Amino acid sequence: MAITNAEADDATKALSAIENLIREGALDEADEAFASSEQGLEAHTRTPLVLVRLHMAQKRHQDALQVAEQKLVPKAANNPWYWAQCVDVIAAGKGLEDACAFCLDGLSAATAADPKAAMAAVDGLSQKLRTHSDRIDFYSNAIKQAPDVQFLRLRLANRYALAGKPHEAIELIQTAEALAPLPDYAERTRSMLYPLIATYSESYDKLKSTVDPVSSNSASLRRMARFATAAHRHDEAYDVLKTALSRTPDDWLVLYRLVRTRLTWAQRSDILGRLLDLRDQKGPDAAWDLQLGCFALQAGETSRGRELLASVDSESAVGRTAQALLGSINAIDDAHTLSSALHGNDEVVEVERDNAQGTVVVFANLTQGLELLPLGYLDSLFADLSLNAIYVRDHSGLMFQKGLVSTGSVVSAMHSDLAQRVARFEGPVMTLGNSFGANVAIRAALGMNVRRALSFSGIFNMAEARDDGGILQSHGAAELQAAGQFENLLISLKSRNDMRVLHVYGADFSPDHRRSMDIADLSCCQLATVPDVDHHYSAMEAIARGQFKDFVTRALAD
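> Can you walk me through the overall build of the protein in this structure?
From N to C terminus, the protein includes 29 helices and seven strands. Considering only C-alpha atoms, the protein reaches an extent of 100 × 55 × 45 Å along its principal axes. Looking at the 558 residues of the protein, the share that counts as buried comes to 53%. Residue pairs in contact within the protein that sit at least 24 positions apart in sequence constitute 67% of those at least 6 positions apart. Summed over all atoms, the accessible surface of the protein reaches about 24,600 Å², with 47% contributed by carbon and sulfur. Averaging the locations of the 55 positively and 72 negatively charged side chains of the protein gives two centres separated by 3 Å.

And the structure:
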């Protein structure tokens with residue numbers, strides 16, 4: 001029996017109210033509302049859909065499946081919303097194999113009727129699949145069913161990229177581009193894959209040929225700068241970042257990349273004034289101010305750097321980082337003398353002391369010392385301990401993968417060069433690094449036949465860390481895809497009873513605590529914590545609290 005327009009409107013309102021209750025988690029109220037209105041809802045096309053959603057929210061999967069098979073499945077071929085709901089219900093009530101079969105069978109019609117609904121259903125089902133291989137098979141079969149649907153090709157391209165198959169990923173992106181203009185995320189994926197199939201210099205040139213500096217977004221320009229840095233084309237990286245700064249002056253990620261680009265002192269001085277003027281115009285911004293504070297410290301403007309770090313809201317997302325850096329700087333005597341060698345841009349810098357008690361090999365990074373601390377401050381701590389220091393600086397951002405340019409971008413050659421350098425000095429030798437730098441430091445100790453290493457929040461298993469989320473965001477996708485080539489230090493250290501690794505981490509930071517428990521049973525490793533630290537910056541916190549020199553002394557002891 002047909003219903004009147006007024007009855008249809010009343011039913012629509014009632015169903016919308018029930019769906020709101022479901023979204024809010026008020027399932028008992030939704031159940032009662034449905035029961036009280038059921039007679040008036042019977043003829044409405046949305047009624048079985050809402051009932052299935054209610055059963056699914058209540059975890060009554062078999063009830064949902066029964067309603068779906070009776071009311072939705074027969075009409076799913078002509079109704080993409082029914083079809084999409086059935087995919088979810090069958091996955092829960094029958095299993096993933098049946099859900100995939102149903103999804104693929106109706107995929108072509110659903111994508112033609114409502115591409116967004118189809119995309120949501122396909123993505124939701126893909127997330128339930130257990131492995132990369134399962135997802136690759138699913139999307140491959142989906143493309144056979146709907147070969148002209150662009151998003152399916154792009155999803156499969158992403159899966160190939162995650163599986164470390166860049167050639168397949170790029171080929172799929174190219175075929176997707178032939179169907180329609182690419183969305184921004186697909187362009188980003190393609191450009192991130194360039195270094196996996198070409199050199200960084202070639203990747204920079206390729207990206208440069210496709211990016212219009214006048215109209216391009218900040219992300220593309222930042223990626224250009226990163227590729228140029230990795231290719232040792234530092235002046236070009238600087239020029240690209242100046243363009244990005246002109247285009248998007250409020251984007252703190254431009255400053256983030258600027259801080260991590262090798263610059264001359266003249267370049268730093270040239271741009272610092274411009275940045276400070278921008279800061280005065282735009283006012284406080286926590287993330288922007290943190291990066292500018294770091295840049296000011298790198299440029300030798302200590303007082304302004306301190307001022308900017310102190311201005312960062314301690315409750316902001318970057319507040320703990322700013323406080324840790326400021327605390328470490330304040331804990332170090334301003335009267336320290338900066339070695340003239342540290343002003344330059346040499347990849348390896350030696351600082352020799354009179355009557356030195358030992359030597360520490362520090363694996364620094366593009367932001368300088370441990371995390372964000374300029375090397376001059378770090379060097380003053382080693383001066384207090386009468387230690388020679390060899391600073392190994394990562395100008396390309398690829399040291400943990402390729403070693404140094406000056407030694408042919410071969411890790412073993414870097415180890416040999418460093419071994420020859422430390423052989424000139426008397427006393428015990430130790431390597432030291434933080435986070436990824438700690439992984440490099442421990443591998444260097446093994447390669448140099450050095451018995452001691454000091455790790456701050458170090459990463460011991462790179463392949464596992466690749467999938468560990470936020471800590472890796474500052475590193476490039478290409479290097480992380482290649483993480484499988486690195487030795488697992490948990491295995492390498494297991495038989496090295498002659499080694500002594502002191503591993504320090506923040507006591508209250510669960511990701512570092514979890515990784516630290518992985519090495520707790522290794523006889524060559526000792527664990528130490530910086531109390532009440534709930535973030536990754538354990539080295540700066542140790543400096544701020546006066547513990548750093550104690551850790552160094554402990555690690556050097558026999």
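> How should the pairing of strand E3 (residues 387-392) be read in this particular structure?
Most of E3 sits inside the fold, with six of its six residues counted as buried. Neither face of E3 is left uncovered, since the one carrying Leu-387, Ala-389 and Tyr-391 and the one carrying Asn-388, Ile-390 and Val-392 both have all their residues buried. Note: strand E1 (residues 348-351) against E3, four bridges, orientation antiparallel. By the bridge assignment, Val-351 is partnered in E3 with Ala-389. The sheet contact formed by strand E2 (residues 358-363) and E3 spans six bridges and is parallel.

> Is there a simple way to think about unusual backbone geometry in this case?
Note on backbone geometry: most residues besides glycine have negative phi, and most peptide bonds are trans. Residues other than glycine seldom take positive phi values, yet Ser-386 does so here, at roughly 55°. Looking at the secondary structure, you find Ser-386 in the loop between helix H20 (375-384) and E3. The exposure class assigned to Ser-386 is partly exposed, which follows from its relative accessible area of 27%.

> Just to check I follow, could you spell out the sheet that holds strand E5 (residues 452-456) for this structure?
Note: strands within a sheet are paired through backbone hydrogen bonds, in either parallel or antiparallel orientation. The strand order across the open sheet formed by seven strands is E1-E3-E2-E4-E5-E6-E7, and the pairing between neighbours is mixed. Both edges of this open sheet fall to E1 and strand E7 (525-530), since each of them pairs with a single strand only. Taking the axes of each pair of neighbouring strands and ignoring which way they run, one obtains an average angle of 20° across the sheet. Taken together, the five bridges between E5 and strand E6 (residues 500-506) define a ladder with parallel strand orientation. Its bridge partner being in E6, Arg-452 is matched across the sheet by Arg-500.

> Can you help me understand the packing of helix H15 (residues 252-259) against helix H17 (residues 286-298) in this one?
Helix packing geometry: the angle between the two helix axes and the distance between the axes. The interhelical angle for the contact between H15 and H17, taken along N-to-C directions, is 25°, at an axis separation of 8 Å. In terms of their interaxial angle, H15 and H17 are classed as roughly parallel. The two elements H15 and H17 meet at a crossing, and its hand is left-handed. Every residue of H17 that contacts H15 at Trp-252, Leu-255, Tyr-256, Leu-258 and Val-259 is listed here: Ala-287, Trp-288, Gln-291, Leu-292, Cys-294, Phe-295 and Gln-298. When grouped by side-chain class, the residues that make up the contact of H15 with H17 number ten nonpolar, two polar and no charged.

> Help me understand H20, please; the structure alone is not making it clear to me.
Residues three or four positions apart in an α-helix share a direction because the helix packs 3.6 residues into each turn. A large share of H20 lies buried, amounting to eight of its ten residues. Of the residues making up H20, those classed as buried are Leu-375, Gly-376, Tyr-377, Leu-378, Asp-379, Ser-380, Leu-381 and Phe-382. One or two steps after H20, the chain reaches Ser-386, where phi turns positive at roughly 55°.

> Looking at this model, I keep getting lost on the environment of Thr-261. Mind explaining?
With respect to the helices and strands, the residue Thr-261 is situated in the loop between H15 and helix H16 (265-282). For the pair Thr-261 and Ala-228, spaced 33 residues apart in sequence, the C-alpha separation works out to 9.4 Å. In this view, Thr-261 contacts Thr-229, Ala-237 and Leu-241; residues no more than four positions away in its chain are not counted. There is a polar contact of 2.7 Å between the side chain of Thr-261 and the backbone oxygen of Arg-257.

> Explanation requested: the state of the cysteines in the structure shown.
Disulfide: a covalent bond connecting the sulfur atoms of a pair of cysteines. This structure, assessed with the given rule, holds zero disulfides. Note on Cys-525: no disulfide assigned, nearest cysteine sulfur contributed by Cys-524 at a separation of 3.8 Å. The class of Cys-525 is buried, set by a relative accessible area of 9%.

> Whenever I open this one, the packing of aromatic side chains confuses me. Can you help?
We describe a pair of aromatic rings using the distance from one ring centre to the other and the angle between the two ring planes. Under the definition given, this model contains seven aromatic pairs. Consider the rings of Trp-252 and Tyr-256, whose centres lie 6.1 Å apart with planes at 85°: the pair is edge-to-face. Residue Trp-252 and its partner Tyr-256 are both found in helix H15; the two are separated by four residues, about one turn of the helix. Owing to a relative accessible area of 32%, Trp-252 belongs among the partly exposed residues under this scheme. The class of Tyr-256 is buried, set by a relative accessible area of 15%. Ring centres 6.1 Å apart and planes at 55° place the aromatic pair Phe-382 and Phe-548 in the tilted group.

> Would you mind showing me how to read H15 here?
Of all eight residues that make up H15, six are buried, and the element is covered over most of its length. Considered for burial, the residues of H15 that qualify are Val-254, Leu-255, Tyr-256, Arg-257, Leu-258 and Val-259. Between the side-chain oxygen of the N-cap and the backbone nitrogen of Leu-253 there are 3.0 Å, and the N-cap of H15 in question is Asp-251.

> Quick question: what am I supposed to make of the confidence of the model for the protein here?
For any part of a model where pLDDT is low, the fine detail of the predicted coordinates should not be relied upon. Per-chain confidence: the protein averages 87 in pLDDT, with 91% of residues scoring 70 or above. Every residue in residues 467-484 is under pLDDT 50, and counting partners more than four places away or in other chains gives 42 contacts.

> Whenever I open this one, the pattern of salt bridges confuses me. Can you help?
Side-chain pairing between opposite charges can occur once the charged atoms of the two side chains come close. Per the stated rule, a full pass over the model turns up 25 salt bridges. Residue Arg-279 is joined to Asp-289 by a salt bridge in which the shortest nitrogen-to-oxygen separation is 2.7 Å. In this pair, Arg-279 sits in helix H16 while Asp-289 sits in helix H17, placing the two residues ten residues apart along the sequence. For the pair Arg-279 and Asp-289, a shared accessibility class is recorded, and that class is buried. For Asp-285, the salt bridge identified is with Lys-282, shortest N-O distance 3.9 Å. We classify Asp-285 as partly exposed; its relative accessible area is 29%. Take Lys-282: its relative accessible area is 26%, and that puts it in the partly exposed class. One network of salt bridges, with partners in common, ties together Glu-350, Asp-417, Arg-421 and Arg-424.

What counts and what doesn't
Residues numbered from 1 in each chain as written. Predicted model: local features only at pLDDT ≥ 70, side-chain atom pairs only at ≥ 80, totals over all residues. Heavy atoms only, no water. Helix = DSSP H or I, 4+ residues; strand = E, 2+ residues; numbered from the N terminus. Buried < 20%, exposed > 50% of the residue type's maximum accessible area, 1.4 Å probe, protein only. Contact = heavy atoms within 4.5 Å. Areas by Shrake-Rupley, 256 points an atom, 1.4 Å probe, with all protein chains shown as cover. Lys, Arg positive; Asp, Glu negative; His and termini not counted. Charge placed at Lys NZ, Arg CZ, Asp CG, Glu CD. Pairing = 2+ DSSP bridges. Axes fitted to C-alpha atoms, helices over the stretch in contact; angles between N-to-C directions. Parallel < 35°, antiparallel > 145°, perpendicular 65-115°, else oblique. Left-handed = near helix turned anticlockwise from the far one by under 90°. Nonpolar A, V, L, I, M, F, W, Y, C, P; charged D, E, K, R; others polar. Polar contact = N/O pair within 3.5 Å; in protein donor to acceptor, adjacent residues only side chain to side chain. Disulfide = S-S within 2.5 Å. Phe/Tyr/Trp six-rings, centres within 6.5 Å; stacked < 30°, edge-to-face > 60°. pLDDT = per-residue confidence, 0-100. Salt bridge = Lys/Arg side-chain N within 4 Å of Asp/Glu carboxyl O.

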